Amino acid sequence: MGENGAGKNHLHNNQVFDLSIDVLPQGGSKCFDDDGRLKRTGTVWTASAHIITAVIGSGVLSLAWATAQLGWIAGPAVMFLFSFVTYYTSSLLAACYRSGDPVNGKRNYTYMDAVRSNLGGFKVKICGCIQYVNLFGVAVGYTIASAISMMAIKRSNCFHASAGKNSCRMNSNPYMIAFGIAEIIFSQIPDFDQLWWLSIVAAVMSFTYSTIGLGLGIAKVAETGKIRGSLTGISVGTVTQTQKIWRSFQALGDIAFAYSYSLILIEIQDTLKAPPSESKTMKKATLLSVGVTTLFFMLCGCMGYAAFGDLSPGNLLTGFGFYNPFWLLDIANAAIVIHLVGAYQVYCQPLFAFVEKTAAEKFPDSEFITKDIKIPIPGFRTYNLNLFRLVWRTIFVMATTLISMLLPFFNDIVGLLGALGFWPLTVYFPVEMYISQKKIPKWSTRWLCLQILSIACLIITIAAAAGSIAGVMLDLKSYKPFSTDY
């Protein structure tokens, strides 16, 4: 992704967002791909690891709460429906990686490149704004989520030591700062291609804590001897009729966004080696990863709901639904933190690459931006230190950490950003690009089906956004900046 030569391509002024580079094909070379870039090495497994790292976020732990709002019928049905929508629209998007010929056509290196090649015009800038604001929002959300998990470890040990007598209140700021320092170090990994090992570690961690959450849910059901919950979800009486509606909308949004990784799909696809064609490999990786995540989502959501019924906590492992065995909870929460370190990087790489390439195009003669300082690391290959990368990525991580400390209820705002990003990035652009690329005639059966899918997802997005806004309004009533205690 991060090519030093990006700055050497002089582009027209009206192509501010253009990151594509047309180079003479070098398809015959062992070291280079058909676009003159170093041979890509990604496989179905590395792509699946990237997707699973992005998708099985700690959001999987809130699915018991989402299932509780919708009930035993709608909860699993909605999860299954969104897994299908995500797989289908991701397949449409994967087909847009190359323009024209699916094997030898011009590559689109980023989501915005794909939109430019297929749709063009003002839509490119709208896509860029939505994509990068969302990525920034995810980074802030992950900082808050990791701090909550770190505090859950401290609190669970404190409860255990004081035999439950101490309330163990603590401030979240030091934990957010610690996470920020770790991210500053990892953000110096230059690009997606070199991130594969962190993604695999993160994917293993996500399975670890999901399995623990699932196991504790099964143990709780076995202990009480009954499956809780109802067919229609949380009962009116436990919450008011209005709350039930808002919560159902929010749950719908939570499930829809739990699956979406379209923001980074093209960037992941750009790491894949060919042959076979990148779109074929990506479709296999999408099927594999969406299948695995759906299974985990169903199990964690349903077992959590069976264990707690209407009282399902917003986060299965930090909401203190479980108190014992405390050491197992500590392992699960540590796994969440390690996973979020990797997931933060997977989501931020496209944003890092966009800013760095744009800077290199604007200031091609600036050594601060384009020059790499080679640092030999014993036992490893030489590390290329770029001063602009060091400074800009450090400032970015510091900004996300500061906003996390300022707006600790940002998870509701991330829900809102997710709502606003879900329809355009996961459904609208992939559908429109596919129609344009395959030249599907207007008002044909296929065109109508694709438009119905798009409109249905737009309605869900609006409902979920309304639910998130209601949540943010509620949070603002008890808001004090920089003073969050849990």
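Residues numbered from 1 in each chain as written. Predicted model: local features only at pLDDT ≥ 70, side-chain atom pairs only at ≥ 80, totals over all residues. Heavy atoms only, no water.

Once that is clear, we can look at the side chain of Thr-358. Relative to the helices and strands, Thr-358 is located in helix α10 (residues 326-362). Of the residues examined, Thr-358 reaches a relative accessible area of 14% and is grouped as buried. Of the polar contacts made by the side chain of Thr-358, one reaches the backbone oxygen of Phe-354; its length is 2.7 Å. (Helix = DSSP H or I, 4+ residues; strand = E, 2+ residues; numbered from the N terminus. Buried < 20%, exposed > 50% of the residue type's maximum accessible area, 1.4 Å probe, protein only. Polar contact = N/O pair within 3.5 Å; in protein donor to acceptor, adjacent residues only side chain to side chain.)

For the rest of this paragraph, the subject is the environment of Ala-64. Assignment of secondary structure puts Ala-64 in helix α2 (residues 63-94). A relative accessible area of 0% places Ala-64 in the buried class. Once the C-alpha coordinates of Ala-64 and Tyr-305 are considered, the two residues, 241 residues apart in sequence, prove to be 5.0 Å apart. With sequence-adjacent residues up to four places away left out, Ala-64 is seen in contact with Cys-300, Gly-301, Gly-304, Tyr-305, Ser-312 and Leu-316. (Contact = heavy atoms within 4.5 Å.)

Within the largest apolar cluster, 119 residues are counted, with the highest numbers of intra-cluster contacts made by Tyr-209, Ile-255, Tyr-261, Ile-264, Phe-297, Tyr-347 and Phe-396. Top contributing element to this core by residue count: α10, with 17 residues. With residues near it in sequence (within four places) discarded, Ile-255 still touches Leu-63, Ala-66, Leu-70, Gly-75, Val-78, Met-79 and Phe-82. (Core = buried A, V, L, I, M, F, W, Y, C linked by side-chain atoms within 4.5 Å.)

This part is about helix α5 (residues 173-186). For α5, which comprises 14 residues, the first-to-last C-alpha distance of 20 Å matches the rise-based estimate of 20 Å (1.5 Å per residue) to within 8%. Restricting attention to buried positions, one finds in α5 the residues Asn-173, Tyr-175, Met-176, Phe-179, Gly-180 and Glu-183. Seen from one end, α5 has its buried residues packed into an arc of 155°, which puts them on one side. Away from its buried face by more than 90 degrees, α5 exposes Ile-181 and Ile-185. Structurally, α5 contributes buried residues whose contacts are with α4 (122-161), α10 and α12 (387-406). (Expected span 1.5 Å × (residues − 1). Arc of directions from axis to C-beta.)

What follows deals with the confidence of the model for the protein. Mean pLDDT over the protein works out to 80, with 88% of the residues at or above the 70 mark. Under a pLDDT of 50 for its full length, residues 1-28 has, in the predicted model, 59 contacts with residues more than four places off or in other chains. (pLDDT = per-residue confidence, 0-100.)

Between α4 and α10, the shortest axis-to-axis distance is 9 Å and the interhelical angle comes to 165°. In terms of orientation, α4 and α10 fall into the roughly antiparallel class. For the element pair α4 and α10, the recorded crossing hand is left-handed. Considered class by class, the residues forming the contact of α4 with α10 number 22 nonpolar, 8 polar and 1 charged. (Axes fitted to C-alpha atoms, helices over the stretch in contact; angles between N-to-C directions. Parallel < 35°, antiparallel > 145°, perpendicular 65-115°, else oblique. Left-handed = near helix turned anticlockwise from the far one by under 90°. Nonpolar A, V, L, I, M, F, W, Y, C, P; charged D, E, K, R; others polar.)

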